[in-house]
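Coordinates in review
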Amino acid sequence: MILIIDFGAQYSQLIARRVREANVYCEIIPYTYTIERIREKTPKGIILSGGPASVYAENAPKIDREIFNLGVPVLGICYGGQFIAQEFGGQVRKADFREYGRTKLNILSDDRLFKDIGQNSLCWMSHTDFIERAPEGFEITANTDSCPVCAMRNEEKEIYAVQFHPEVEHTEKGREIISNFLFNICKMNKDWNIGDYTKYSIERIKKEVGDKKALCALSGGVDSSVAAVMVHKALGSNLICVFVDHGLLRKDEGDQVERVFREKFNMNLIRVNAQERFLSKLAGVTEPEKKRKIIGEEFIRVFEEEKQKLKKEFGHIDYLVQGTIYPDVIESGTSTASVIKSHHNVGGLPDDVDFELLEPLRQLFKDEVRQVGRELGIPEEIVERQPFPGPGLAIRCLGEVTEDKLKIIREADFIFRDEIKKAGLQNKIWQYFAALPNIRSVGVMGDERTYSHTVTLRAVNSTDGMTSDWARIPYEVLEKVSTRIVNEVDNVNRIVYDITSKPPATIEYE
Ligand code: XMP
């Protein structure tokens, strides 16, 4: 495998995506790993990520320099490259201006990293510090107008450094550069492929679980669905799925989930209709965090009750299936910031001492999970589903959650999704939904005065939900959505489109 050492970069996961796209397995580890732990992983190559710090700062993140003596090639990107320069006695300093954007790369010598990419191409820069002088033993292989050492190498030790970011789309030959590192320099094999991985995982689950039983909390979201189908292929009816319908799902979603898993996959599925239970717990509650906590707790309670019932019926259940995916398990190079919202996930059920965890997607990124889903024959409508929060529509229904308000959201949201689909935009927007901000205002319909709800439309683009930008939906599409919602949904007379990015707003409203 290739190890990516994370110095707190925005782009570490992107580096990993690029490596895996090239059919090479990789893992991300934080820079705090000891050399012994790194050795245990037996990497065939190491990539040092970028990061926000300065290598010469006190407390700058560092990794044991023994990594350079492991006998495997190392590629440093941005901060990672500056770290190499500093460790080997070069000079890194702060530039007068922060460089951010595309720059022309001049390749100066024949280099294995830059094989077949031409003399000049555009690369993406995002840095303030730069390598002013390459260390002894290193040869400069590329520069730009503002970076004398845009790339350097020590051929003998197989250590490479680049100032730019080959992992981002804006670097024209980025994929080729990463492939050159993997195949020309590290001599990796292209042996990471989703089809084989899927078969291998099913076999492994069969072997591990044998004829024991497993339980899965199914939400209908991509991750839990793919995990459930994969485990189902391994265990058949020894997998029991519990689908808690908390009444906060989108229009027809509960029935759709039930239909797919019961009819298409013939799963042992229990649907718990707990709509009233959740609504009565939420009655009168307006504070966002309190709403989230109530839903999270109630969810666990319902699940526990079902588990007890199942134990009576099926006997002991040994395993709990969770749809944990790789981004959930990566320890980052930096400690995460304060909790903005307490997340509720079906995957976030408490680790019950009774259960062993079965997490078949732990190694996979989201788009790989989708590929596995397709391999397993899960319909597109589920595999391509946009992110949907655990607390469901409750956090899109500001103020008190009532069935009347939920009904408005469900209908409005359905129309919005329908029109996005008709406009062919459904795979071009990361997440889109309708919300009810709990505002009523005056309008006029026919000749009558109305005093009705406002519906907010929110559509954002993002890669991981950590930051996002509002989607530039064509006015004509927004117009259709607005007209349809006002005409088709009772008690709505005004539609607004949310044009805030994250930060400062969040994607969801509560
Ligand atoms: P925010 O609102 O924090 O959302 O900008 C970022 C992304 O996370 C989703 N989200 C959740 N997902 N459980 C989840 O599984 C939750 O409690 C939750 N809250 C927000 C949100 O839909 C967006 O994609």
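Above: the structure in question.
I will try to describe carefully the structure that is included in this document.

About the criteria used
- Residue numbers here run from 1 along each chain, matching the order of that chain's written sequence.
- The model is predicted, so local features are restricted to residues of pLDDT at least 70 and side-chain atom pairs to those at 80 or more, both for listing and for counting; the totals for chains, interfaces and linings are taken over all residues.
- With hydrogens and water set aside, each side-chain value is computed from the structure's full complement of heavy atoms.
- Each helix corresponds to a stretch of at least 4 residues labelled H or I by DSSP, and each strand to a stretch of at least 2 residues labelled E; elements are numbered beginning at the N terminus.
- Between the two quantities, the radius of gyration covers C-alpha atoms and the globule rule is 2.2 Å times the number of residues to the power 0.38.
- Whether a residue is buried, partly exposed or exposed follows from its accessible area with a 1.4 Å probe, protein chains only, as a fraction of its type maximum: under 20%, in between, or over 50%, in that order.
- Only heavy atoms enter the contact rule, under which two residues are in contact if any of them lie within 4.5 Å.
- Only Phe, Tyr and Trp rings take part, Trp by its six-membered ring, and two of them pair if their centres are within 6.5 Å. Stacked means planes under 30 degrees apart, edge-to-face means over 60, and tilted covers everything else.
- Whether a charge sits over a ring comes down to the Lys NZ or Arg CZ being within 6 Å of the ring centre and within 35 degrees of the ring normal.
- For this document, the term salt bridge refers to a Lys or Arg side-chain nitrogen within 4 Å of an Asp or Glu carboxyl oxygen.
- For a helix, the expected span equals 1.5 Å multiplied by the residue count minus one.

Moving on, we come to the overall build of the protein. Helices and strands together make up the secondary structure of the protein, namely 14 helices and 19 strands. Radius of gyration (C-alpha) of the protein: 26 Å, near the 24 Å computed for a compact globule of 510 residues. For the protein, the spread of C-alpha atoms along the three principal axes comes to 75 × 65 × 40 Å. Residue burial in the protein is summarised as follows: out of 510 residues, 55% are buried. For the protein, long-range pairs separated by at least 24 residues make up 75% of all intrachain contacts whose partners lie at least 6 apart in sequence.

Looking now at the packing of aromatic side chains. Evaluation of the coordinates by the stated rule reveals 14 aromatic pairs. Aromatic pair F7 and Y31: ring centres 5.9 Å apart, planes at 25°, arrangement stacked. Taken together, the residues F7 in the loop between strand 1 (2–6) and helix 1 (12–21) and Y31 in the loop between strand 2 (26–30) and helix 2 (35–40) connect sequence positions 24 residues apart. Residue Y31 is classed as partly exposed on the basis of its relative accessible area of 22%. Taken together through their ring pairs, the aromatic side chains of F7, Y31, F68, Y79, F83, F88 and F138 make up a single cluster. Directly above the aromatic system of Y33 lies the positively charged group of R37, at a separation of 3.8 Å from the ring centroid. Above the ring of W470, the side-chain terminus of R472 is found at 3.8 Å from the ring centroid.

It is worth spelling out the pattern of salt bridges at this point. Inspection of the entire model under this criterion finds 45 salt bridges. The closest approach of N and O atoms between R271 and D245, which form a salt bridge, is 2.8 Å. A residue pair is termed long-range when its members are at least 10 positions apart, and R271 in strand 12 (residues 268–273) and D245 in strand 11 (residues 239–245) qualify at 26 residues. When the shortest N-O distance is used, the salt bridge between E258 and R271 registers 2.7 Å. Taken together, the residues span a long stretch of sequence, with E258 in helix 7 (residues 253–264) and R271 in strand 12 at a distance of 13 residues.

Since the α-helix advances by 3.6 residues per turn, residues separated by three or four positions end up pointing in the same direction. Its 20 residues give helix 13 (residues 403–422) an end-to-end C-alpha distance of 28 Å, which sits within 8% of 28 Å, the value for a rise of 1.5 Å per residue. Within helix 13, burial applies to K405, L406, I408, I409, R410, A412, D413, I415, F416, E419 and I420. Packed against the buried residues of helix 13 are helix 8 (275–282), strand 15 (431–435), strand 17 (448–461), helix 14 (475–488) and strand 19 (492–497). Positioned one or two residues after helix 13, G424 has a phi angle of 70°, which is positive.

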